[in-house]
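Commentary on secondary and tertiary structure
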Amino acid sequence: QVQLVESGGGLVQAGGSLRLSCAASGSFPSINRMGWYRQAPGKQRELVARIFRGGSTNYAGSVKGRFTISRDNAKNTVYLQMNNLKPEDTAVYYCKAEPWGSPDEYWGQGTQVTVSS
């Protein structure tokens, strides 16, 4: 079982920055893939960025060059540095974790990011 606690959301003006954090706790051998997803009102949840335990990353095209995902394996924490934020980045951001060797996936409770124009 994995519990995820997110923090760092808030209200920011366009062009500003925010940093999201997601800490995993519980009973698990290790976490393979961690990622950030977002869901805007009336839209489906979409992948923002994900990172494997070894450090390789994937980004959605809309955030490439503006967002950076990183992780601290010792702390079981994943971060999302978001720069040059745009109003279209407004959404609830969710953290997801996939333990090594398990088909299970765990989600955080979500944190609101609002970008004003």
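Scroll up to find the structure.
Just so you know, these numbers come straight off a predicted model, no measurement behind them.

Moving on, we come to the side chain of Ser30. Along the chain, Ser30 falls in the loop between strand S3 (18-26) and strand S4 (31-39). Beyond its immediate stretch of four places on either side in the chain, Ser30 contacts Arg53, Pro99 and Trp100.

Right, let's talk about the side chain of Thr77 for a bit. With respect to the helices and strands, Thr77 occurs in strand S8 (residues 77-82). Within the local environment of Thr77, its side chain forms a polar contact with the backbone oxygen of Lys75, the two atoms lying 2.9 Å apart. Apart from the residues within four sequence positions on either side, Thr77 is in contact with Cys22, Ala23, Ser70, Arg71 and Asp72.

Before going further, it helps to examine the nonpolar core. Ranked by size, the top nonpolar core spans 30 residues in total, and within it Trp36, Leu80, Met82 and Tyr93 carry the most contacts. Only strand S1 (2-7), S3, S4, strand S5 (46-52), strand S7 (67-72), S8, strand S9 (91-99) and strand S11 (111-116) provide two or more residues apiece to this core. Apart from residues lying up to four places away in sequence, Met82 is in contact with Gly16, Ser17, Leu18, Leu20, Arg66, Phe67, Tyr93 and Val113.

Considering the arrangement of structural elements, one finds Gly35 in strand S4. Classification of Gly35 by relative accessible area gives buried; the value is 4%. For Gly35 and Trp107, which are 72 residues apart along the polypeptide, the C-alpha to C-alpha distance reads 9.6 Å. Excluding residues within four positions of it along the chain, Gly35 makes contact with Ala49, Arg50, Ile69, Tyr94, Cys95 and Lys96.

Analysis parameters
- Residues numbered from 1 in each chain as written.
- Predicted model: local features only at pLDDT ≥ 70, side-chain atom pairs only at ≥ 80, totals over all residues.
- Heavy atoms only, no water.
- Helix = DSSP H or I, 4+ residues; strand = E, 2+ residues; numbered from the N terminus.
- Contact = heavy atoms within 4.5 Å.
- Polar contact = N/O pair within 3.5 Å; in protein donor to acceptor, adjacent residues only side chain to side chain.
- Core = buried A, V, L, I, M, F, W, Y, C linked by side-chain atoms within 4.5 Å.
- Buried < 20%, exposed > 50% of the residue type's maximum accessible area, 1.4 Å probe, protein only.

In short, shape yes, function no, at least from these values alone.
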